[in-house]
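Understanding the architecture of this molecule
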Amino acid sequence: YAGDPILGLMDAYQADPRPQKVSLSIGLYFDEACRLPVLGAVRQAEEALLREIGPRPYLPMHGLADFRAGVQRMVFGADHEAVKAGRIATLQTLGGSGALRVGADFLHRYFPASAIWVSDPTWDNHRVLFEAAGLQVHTYPYYDAATGGLRFDAMLECLQGLPRQSVVLLHASCHNPTGVDLSAAQWDALIPVLRERELIPFVDMAYQGFGDGLDEDAFAVRALADAGLQFFVANSFSKNFSFYGERCGGLSVVCRDRQDADTVLGQLQAGVRRIYSTPPTHGARVVAKVLGDARLLASWTQETAGMRIRIRAMREQLHAALHETFRGERDFGYLLSQRGMFSYTGLNESQVDRLREQHAVYLVRSGRLCISGLNNANVEAVAAAMAEVIRSA
Ligand code: LMR
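From a predicted model like this one, the values you see are computed outputs, not experimental measurements.

Another point: the overall build of the protein chain. For the protein chain, the count of helices and strands is 16 helices and 13 strands. Relative to its length of 393 residues, the protein chain is compact, with a C-alpha radius of gyration of 21 Å against a globular reference of 21 Å. Along the three orthogonal principal directions, the C-alpha set of the protein chain runs to about 60 × 55 × 40 Å. Buried residues in the protein chain amount to 56% of all 393 residues. Put simply, 76% of the contacts in the protein chain that link residues at least 6 apart link residues at least 24 apart. Surface exposure of the protein chain reaches about 16600 Å², of which carbon and sulfur atoms provide 51%. In the protein chain, which carries 39 positive and 43 negative side-chain charges, the distance between the mean positions of the two groups comes to 5 Å.

The following block contains the structure:
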């Protein structure tokens, strides 16, 4: 095994003895003190659960009922018509990746002629994950290297030409790896194309709350549901609960009506039974408790806002330091316009290698930089290291 392009770097970082090392590769949110936070709401929920700890039976194949209801409220909004109509099939999954895989298996089984189209570029693991489920993976234009923005017209044109029932993987917000998102107006222009071409949207929402807010980041999902489309959503609690190792995610399939949703849920259960049988209890109980308790929910919402605000502040500081160094001779505005944990720096593989080897600054080789690994103590040094590799190129 040649190793994973993202997880392999985490191993290399951990083995690196240099004290000044900075991890900007894997998508982990570190706080100002460079620690993975244990959120207060999560801790309180866990303490309460410890007091009332009971037996741990197998969960149903589709997971814990309160967790699934919490996923629907968070992803679609409690009052959404699709939630109230019971026309969403929601499954507790092993993180966002588990949701993608269970959804991919379902799609391959019921739409064997459909290929999937992913953004160019996309998360390094999307392609292998969908290929492993048997789907052919193609790309649609997305990132504009010249502007650090979106090639929206090219994207739209490509999607307009896809065969009926092609699957289109879309990032709800905080695009991984580029940080480049569609605006509300662009979603509004895209949705009729998806509908008219009878495409099957598969939305990946791994960073809800890290862009503009919990509801704001779900705009695309809710707009698709409002427009009456049938589609898939994978969501994750890894980042916004700082809950990486608990593997808590959800797969929701928005259907025409309750009867279809029941049928789809049944087939998803069958898919789960074929892979891992049933999901685990602990993390789901914690998430369900936080999302189901008004006080804990309010506290978690605030903590999510705190993480989002710190990420924004780090974007601004890195931008300011680079802007100052280059005195306007190079534009780093992409750091401010891109959203969420990641920015695409445009650094090439040899520049990224030099950053790691000479400066102990770890980025993914695509040039993706995880903003949330920056803090007041390291941001200047990172900017100086970036400046050095840019100038030496
Ligand atoms: C990332 O993109 O860094 C995260 O989603 C973690 C992973 O599994 O790759």
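Right, picking up where we left off after that structure.
Turning next to the side chain of S277. The topology assignment puts S277 in the loop between α11 (258-275) and α12 (282-292). Within the structure, the side chain of S277 is placed 2.3 Å from the side chain of R273, a separation counted as a polar contact. In contact with S277, other than residues within four places in its own chain, are M61 and V272.

A few words on the nonpolar core. Membership of the largest hydrophobic core comes to 138 residues, with the highest contact counts inside it found for F76, F130, F202, F231 and L318. Among the elements that make up this core, the one with the highest residue count is helix α13 (residues 294-326) (nine residues). Sequence-distant contacts of F231, defined by excluding residues within four places in its chain, comprise F76, P201, V203, V221, L224, A225, S252, V253 and V254.

All residues in the neighbourhood of the ligand are listed as I6, I26, G27, W123, N176, Y207, K239 and R368. Residue G27 places a main-chain N or O atom 2.7 Å away from an oxygen atom belonging to the ligand. Side-chain polar atom of W123 to an oxygen atom of the ligand: 3.0 Å apart, as the coordinates give it. Across the complex, the protein chains shield 82% of the 260 Å² of accessible surface that the ligand would expose by itself. Grouping the constituent residues of the shell around the ligand by class yields four nonpolar, two polar and two charged.

Strand pairing in a sheet is mediated by backbone hydrogen bonds. Such pairs are either parallel or antiparallel. In spatial order, the strands read β2-β10-β9-β8-β7-β3-β4; together these seven strands make up an open sheet with mixed pairing. Across the chains shown, the open sheet's two edge strands, defined by having one partner strand only, are β2 (88-94) and β4 (137-141). Adjacent strand axes in the sheet meet at a mean angle of 25 degrees, parallel and antiparallel pairs treated alike. Bridging between strand β8 (residues 200-205) and strand β9 (residues 231-236) involves four bridges; their strand directions are parallel. The partner of M205 across the bridge, within β9, is N235.

Moving on to the packing of helix α2 (residues 40-51) against α12. Running from amino to carboxyl end, α2 crosses α12 at an angle of 115 degrees, the nearest separation of the two axes being 9 Å. Accordingly, the angle class assigned to the pair α2 and α12 is roughly perpendicular. The handedness of the crossing between α2 and α12 comes out as right-handed. Only H282, R285, V286, K289 and V290 of α12 make contact with α2, whose side of the interface consists of A41, V42, A45, E46, A48 and L49. Looking at the contact of α2 with α12 residue by residue, the class counts come to seven nonpolar, one polar and three charged.

About the thresholds
Residues numbered from 1 in each chain as written. Predicted model: local features only at pLDDT ≥ 70, side-chain atom pairs only at ≥ 80, totals over all residues. Heavy atoms only, no water. Helix = DSSP H or I, 4+ residues; strand = E, 2+ residues; numbered from the N terminus. Rg over C-alpha atoms; globule rule 2.2 N^0.38 Å. Buried < 20%, exposed > 50% of the residue type's maximum accessible area, 1.4 Å probe, protein only. Contact = heavy atoms within 4.5 Å. Areas by Shrake-Rupley, 256 points an atom, 1.4 Å probe, with all protein chains shown as cover. Lys, Arg positive; Asp, Glu negative; His and termini not counted. Charge placed at Lys NZ, Arg CZ, Asp CG, Glu CD. Polar contact = N/O pair within 3.5 Å; in protein donor to acceptor, adjacent residues only side chain to side chain. Core = buried A, V, L, I, M, F, W, Y, C linked by side-chain atoms within 4.5 Å. Near = heavy atom within 4 Å. Nonpolar A, V, L, I, M, F, W, Y, C, P; charged D, E, K, R; others polar. Pairing = 2+ DSSP bridges. Axes fitted to C-alpha atoms, helices over the stretch in contact; angles between N-to-C directions. Parallel < 35°, antiparallel > 145°, perpendicular 65-115°, else oblique. Left-handed = near helix turned anticlockwise from the far one by under 90°.

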